[in-house]
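Coordinate inspection notes
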Amino acid sequence: MSKADTPVGESGLRVNALERGLRLLMALRYDEGQKLSDLSRATGLDKATASRLLRSLAQYSFVLKDGSERYRLGPAIAVLERTGNATQGIAAVVQPTLDRLAADTGETASFFVRQGDLRLCIAVAFGNQAVSHLLKVGDTLLTERGASGRVIREFAAGRPFGDADLVQTSMGERDPELAAVACPVFDSRNKLLGALSLSGTCTRFSSPEHLLRLQRAVAAAATEIERLFVKPS
C-alpha cells in the first residue's frame, strides 16, 4: 500500500492525540505542578485540547490535579517504570503533605508502600524533636510489626465498608522506644496506595493528649492526600 493509500481517518486522529498526550507528560516530568495555561504554552496546545487530553490521562492516573488547580504526574507513571524509583510518582504527590505534617506535629512523617512481603519508605519528612525516628527513603521494614505495617496488611484489599477504624497505633512493637500512628491512603478506586505514618518516641506518644492530636492529624492528612488522587471533572 502506498503512502497515499494509507488511511488517515480515525487512526490518524488517535496518533495525533497520543503524540499530544505525550507532549503533556513530557512537560510535567520535572515539574512540581503546572496550571493549564502553563501547559498550554509549554506544549503549543490550545487550552481546550490540553484540558481534554489531561482528563483522559487522569482517567488512567497518569496525571493528577491538586487543590490549587495544578497538574502533576500521577501514580500510573510509577507502575510503568518498575525500577528502583518506581514509586516516585506517588512520592512527589505526598511529599508536600509530609513536610507540613512533620512541621505541624514535630514528629517524623513518612509514607510506605507494599513491596512484596515488606513495606518500602518512599517519602519522609522530619519534625523538630531532639530525639526522633530516623528513616531514609528506600528503607524496607517488615509488615508484621508497627502501625504502618499493620495498615499495609489489614487494608491490602482496599477501603473497607462501614465505619472501620482506619487509624492504627503501635507502641514499642518494632523497637521498645519507638511508637507510631498510621492511616491508609486510598486512590479514587478505593485501592490502597500506601500507609501514611507519624512516628517518634514512646515517651511522647504515651501522652494521651499528644497521641490524640497525632491520630487526628494523620487521619486529616490522609484525606488531604486522597483528594489529590481524585480524577478531575
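To start, this report covers the structure provided alongside it. (Residues numbered from 1 in each chain as written. Predicted model: local features only at pLDDT ≥ 70, side-chain atom pairs only at ≥ 80, totals over all residues. Heavy atoms only, no water.)

Of note in the backbone geometry, Asn190 takes a positive phi value of approximately 70° without being a glycine. A residue is classified by how much of its surface remains accessible, and Asn190, at 37% relative accessible area, is partly exposed. (Buried < 20%, exposed > 50% of the residue type's maximum accessible area, 1.4 Å probe, protein only.)

Once that is clear, we can look at the sheet that holds strand β3 (residues 108-115). Spatially, β5-β4-β3-β8-β7-β6 is the arrangement adopted by the 6 strands of the open sheet, whose pairing is antiparallel. Of all the strands in the sheet, just β5 (140-142) and β6 (168-171) have a single pairing partner and so form its edges. Strand-to-strand twist in this sheet, taken as the mean axis angle between neighbours without regard to direction, amounts to 30°. For strand β7 (residues 178-186) and strand β8 (residues 192-201), the ladder comprises 9 bridges, and the chain directions are antiparallel. Bridge pairing in β8 links Val185 to Gly194. On top of the sheet, helix α8 (residues 208-228) reaches β6, β7 and β8; it is set at about 25° to β7, its chief contact. (Pairing = 2+ DSSP bridges. Helix = DSSP H or I, 4+ residues; strand = E, 2+ residues; numbered from the N terminus. Axes fitted to C-alpha atoms, helices over the stretch in contact; angles between N-to-C directions. Contact = heavy atoms within 4.5 Å.)

Time to look at empty space enclosed by the protein. A probe matching the size of a water molecule, rolled over the atoms, marks out where space remains unfilled. Overall, the coordinates contain 1 cavity of 30 Å³ or more when judged by the stated rule. Computed from the structure, the largest cavity encloses a volume of approximately 120 Å³. Around the largest cavity, the lining is made up of 18 residues, and of these Arg119, Gly146, Arg174, Leu178 and Ala180 lie nearest the centre. For the lining of the largest cavity, the secondary structure elements donating two or more residues are β3, α6 (147-154), β7 and β8. Tallied by class, residues from the lining of the largest cavity come to 7 nonpolar, 8 polar and 3 charged. (1 Å grid on protein atoms, 1.4 Å probe; cavity = no way out; pocket = protein on both sides within 12 Å on 5 of 7 lines; lining within 4 Å. Points joined across faces, edges and corners; volume = space filled by probe spheres on them. Nonpolar A, V, L, I, M, F, W, Y, C, P; charged D, E, K, R; others polar.)

Most of β3 sits inside the fold, with 6 of its 8 residues counted as buried. Where β3 meets β8, 5 bridges bridge the pair, whose relative direction is antiparallel. Along β8, the bridge assignment pairs Phe112 with Ala195. With 7 bridges connecting them, β3 and strand β4 (residues 118-125) associate as antiparallel partners. Bridging across to β4, Phe111 finds its partner in Ala123.

With that settled, the discussion passes to the environment of Ser199. Take Ser199: it is sitting in strand β8. Sequence spacing of Ser199 and Leu134 is 65 residues, and the spatial spacing of their C-alpha atoms is 9.2 Å. For Ser199, the residues in contact, after removing those within four places along its chain, are Glu107, Thr108, His133, Leu178, Ala179, Ala180 and Phe205. Within the structure, the side chain of Ser199 is placed 2.7 Å from the side chain of His133, a separation counted as a polar contact. (Polar contact = N/O pair within 3.5 Å; in protein donor to acceptor, adjacent residues only side chain to side chain.)

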